[in-house]
There are 2 protein chains.
Amino acid sequence: MSNGNQPQTQYYHHGRYQVKGGVLPDAVTAFRTYGNPGNPCIVFPTCYGAKLDSQLSHVGEGKALDPRKYFVVTFALFANGESSSPSNTPVPYNGPYFPAISYEDNIRAQYTVLTKHLGIKKLRMVVGFSMGGQQAYHWAVMYPDFVEKYVAICGSARTSVHNQCFLEGPKAALTASKDFEGGHYKSTPQHGIRAFGRVYSAWAYGQTWFRENQHLYGGTYSDLNTFLHEIWEGRYLESWDANDMLALLNTWQTGDVAKIHGDPDLQSALGRIKAKGLIMPCKTDLYFPPEDSEIEVKYLGDNAKLVVIDSVWGHVAGGGANPEDLKFVQGQIEQFLGEE
Amino acid sequence: MSNGNQPQTQYYHHGRYQVKGGVLPDAVTAFRTYGNPGNPCIVFPTCYGAKLDSQLSHVGEGKALDPRKYFVVTFALFANGESSSPSNTPVPYNGPYFPAISYEDNIRAQYTVLTKHLGIKKLRMVVGFSMGGQQAYHWAVMYPDFVEKYVAICGSARTSVHNQCFLEGPKAALTASKDFEGGHYKSTPQHGIRAFGRVYSAWAYGQTWFRENQHLYGGTYSDLNTFLHEIWEGRYLESWDANDMLALLNTWQTGDVAKIHGDPDLQSALGRIKAKGLIMPCKTDLYFPPEDSEIEVKYLGDNAKLVVIDSVWGHVAGGGANPEDLKFVQGQIEQFLGEE
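Residues numbered from 1 in each chain as written. Chains lettered and ligands numbered in written order. Predicted model: local features only at pLDDT ≥ 70, side-chain atom pairs only at ≥ 80, totals over all residues. Heavy atoms only, no water.

**Q** Describe the relation of the copies chain A and chain B, and please don't skip the residues or the numbers.
**A** Mapping chain A onto chain B calls for a rotation angle of 180° and an axial translation of 0.0 Å; the resulting RMSD is 0.0 Å. Interpreted geometrically, this transformation is the action of a two-fold axis. Comparing interface residues between copies, 100% of those in chain A also lie at the interface in chain B; the contact surface is shared. (Least-squares fit on C-alpha atoms with pLDDT ≥ 70 in both. Contact = heavy atoms within 4.5 Å.)

See below:
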């Protein structure tokens, strides 16, 4: 798909919209559509640190989500900077006053866009990576009769306590920083965001990846510090707002499908799912380890299959960071789409 | 050993002492001795976050390092707050001006105390956990004819790049914090140290440990946040100085036995070792993973044996945090001591 054919970002206004932490006077969901609305619909929502552009790893002609065969809809999470976010919401819910948003709030909004605005009656599939995988689980639990298939890549139905604990790290580094100012920074809080990136970095890959010096990318980076400056500080500094980062992190940290209907436990919540699931953890993921997926698949029974990504790239294996893993994941998605 | 019999901390003054990052006008090594100097000598140096008191997990009558059988010497690392540290060194090398200290600087100082002050001719064993295990490796490489046996529990001969990267996290959180003031804080930098502790916390245990809710300690802590406040913020706030924490972290981050004699690689450096080694990683340690130990033991050949601690406690399994693991480790040390 050439840049000239690149679909424009659309903005759906929900009006006054109740969310977990309060209300948004005019909530906006940003999304893009690819292909013909008459084709089977596939939803591919964003993960942490992603914009709608990031979704192009899986969307395009010849890719798993091929717009010649499917009507692909990509959704931006609330607080990603494109949908309603601390950085783009007017007073009084701007910046640090932006209300807490749950995954349920996001999926309910996406459902509205699909059904009210795009006229979709059924989802052939929802597929997501990381926070996107968590959204896939939420879709399947919230709308069991609407979703036929879902794919959770390096994601989970409930954010584990260890994952919550890991996220406390970057959050604490940013909020304690000398330039965060309780969210009232006047310009990009360089100290806080750089610290956030450094804290985050070691979690994203498996230990073996560093042992193999893959962080040098064949000489692109001369040492660990260069790698951290360019990839982990630079990336967040260039395209992220600190309050957005924290609001989105909160959605992640509090994710739990058992909360949706007040189920007594994870197994009960997952028992509501009617869709077929493809659960793809990465062997070396440090925050969504395969063990959590194994437990979920046990609860899902015949409704889901587990396929482990055998990679040293850790969490980011599922995000398309390594071409070989991306090819494997795409192959699995295509096969899963083709199954009855 | 009752408190009344508790040996006093002694302080050895090295006078003007050259270290990696410069000089200390009067370097001090803090240590304690347990038992009769005529018995075989065992050295047990401190790890990160430890004081000489911390060493009592392994030292005492009926424990692996029994003062009735051995002359046990525990050493405090430079920058732990007991030996020369940013917090106790006078102007001009106080606080943030304290010079960088290597493991070699520490071991050279410990060797002086043992040979010049205590009259020790031979070490039956050096045993250490974490940074202590790294010191054990340094002992064996630096003084191959002086050390008969060494035990590295959840430690490594060289700090891996992933471990360096993990340590960048707590370091960045503390140095970017609003009250660290470039090391010139007038009182305890609460924001910085609390953030440091939160960043550190998720690394210390295996993911399964949190999944089993072991962080609640049977109801002692009501939730993750309570656990983090009391264990990870409280512990550092009560007994640590921020500049000490950073200076000690630097020693850890730059540890590498191959630097000692300028060896071309890790294998060459480990080839200098004559002592018998017992290498005990924990199966779920996230920063000293068993894979690194396997590589080291391969390089060490017949001179070392690998015994993996089969525990969900992650790194802290080797630090005596769990009685069952402590018993296992003590048993292995006793057996190793008894071997020819």
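So much for the structure itself; the text now carries on.
**Q** Tell me what's going on with the packing of aromatic side chains, and back it up with residues and numbers.
**A** For the structure on display, the rule yields 79 aromatic pairs over all chains. Relative to A:Trp252, the ring of A:Tyr200 has its centre 6.5 Å away and its plane inclined at 50°; by these criteria the two rings are tilted. Of the two residues, A:Tyr200 sits in helix H4 (residues 190–201) while A:Trp252 sits in helix H7 (residues 242–253), which places them 52 residues apart along the sequence. For A:Tyr200, a relative accessible area of 5% puts it in the buried group. The buried category is assigned to A:Trp252, whose relative accessible area is 0%. Taking 5.5 Å as the distance between ring centres and 55° as the angle between the ring planes, the aromatic pair formed by B:Tyr48 and B:Trp252 counts as tilted. Of this pair, B:Tyr48 sits in the loop between strand S3 (41–43) and strand S4 (71–75) while B:Trp252 sits in helix H7 (residues 242–253), and the two are 204 residues apart along the sequence. Considered together, B:Tyr48 and B:Trp252 belong to a single accessibility category, that of buried residues. (Phe/Tyr/Trp six-rings, centres within 6.5 Å; stacked < 30°, edge-to-face > 60°. Helix = DSSP H or I, 4+ residues; strand = E, 2+ residues; numbered from the N terminus. Buried < 20%, exposed > 50% of the residue type's maximum accessible area, 1.4 Å probe, protein only.)

**Q** Please give an account of the packing of H4(A) against H7(A) that cites residues and values.
**A** All names here are of chain A. Interaxial distance between H4 and H7 falls to 11 Å at its minimum, and their mutual angle equals 35°. Here H4 and H7 pass one another in a crossing that is left-handed. Residues Ile-193, Phe-196 and Tyr-200 of H4 lie in contact with H7, whose contacting residues are Ala-242, Met-245, Leu-249 and Trp-252. Of the residues in the contact of H4 with H7, the class split is 7 nonpolar, no polar and no charged. (Axes fitted to C-alpha atoms, helices over the stretch in contact; angles between N-to-C directions. Left-handed = near helix turned anticlockwise from the far one by under 90°. Nonpolar A, V, L, I, M, F, W, Y, C, P; charged D, E, K, R; others polar.)

**Q** Would you mind going over helix H3 (residues 161–175) of chain B in detail, with residue names and values included?
**A** Note that an α-helix has 3.6 residues per turn; residues three or four places apart therefore point the same way. Compared with the 21 Å implied by 1.5 Å per residue over 15 residues, the 20 Å span of H3(B) between its first and last C-alpha is a close match. Taken across its 15 residues, H3(B) has 11 buried, putting it largely inside the fold. Three or more residues of H3(B) are buried, namely B:His162, B:Asn163, B:Cys165, B:Phe166, B:Leu167, B:Glu168, B:Gly169, B:Pro170, B:Ala172, B:Ala173 and B:Leu174. On its buried side, H3(B) packs onto helix H3 (161–175), H4, helix H5 (207–211) and helix H6 (224–239) of chain A together with helix H4 (190–201) and H7 of chain B. (Expected span 1.5 Å × (residues − 1).)

**Q** Any chance you could break down the interface of chain A and chain B for me, citing the residues and the numbers?
**A** On the side of chain B, 33 residues touch chain A, which itself brings 33 residues to the contact. Taken together, the two surfaces of chain A and chain B that pack against each other cover about 2800 Å², and 71% of this comes from carbon and sulfur. Viewed at the interface, chain B and chain A are joined by 4 salt bridges. Note that A:Arg211 is salt-bridged to B:Asp292, the shortest N-O span being 2.6 Å. For the interface between chain A and chain B, the tally reads 10 residue pairs in polar contact (both at pLDDT 80 or more). Only H3, H4, H5, H6 and helix H9 (290–300) of chain A provide two or more residues apiece to the side of chain A that touches chain B. (Buried area = accessible area lost by both parts, 1.4 Å probe. Salt bridge = Lys/Arg side-chain N within 4 Å of Asp/Glu carboxyl O. Polar contact = N/O pair within 3.5 Å; in protein donor to acceptor, adjacent residues only side chain to side chain.)

**Q** I'd like to hear about the pairing of strand S6 (residues 149–153) of chain A, residue by residue, with values.
**A** Residue and element names in this part refer to chain A. Most of S6 is tucked away: 5 of the 5 residues are buried. The alternating pattern of S6 places Lys-149, Val-151 and Ile-153 and Tyr-150 and Ala-152 on opposite faces, both of which are buried. Bridge count for strand S5 (residues 125–129) against S6 is 4 bridges, and the pairing is parallel. Each residue of the ladder has a partner; that of Gly-128, found in S6, is Ala-152. Regarding topology, helix H2 (residues 131–142) serves as the crossover connection from S5 to the parallel S6, and that connection is right-handed. Pairing of S6 with strand S7 (residues 276–280), which is carried by 5 bridges, proceeds in the parallel orientation. Within S7, the position partnered with Ala-152 by the bridge is Ile-279. (Pairing = 2+ DSSP bridges. Right-handed = clockwise from strand over helix to strand, strands pointing away.)

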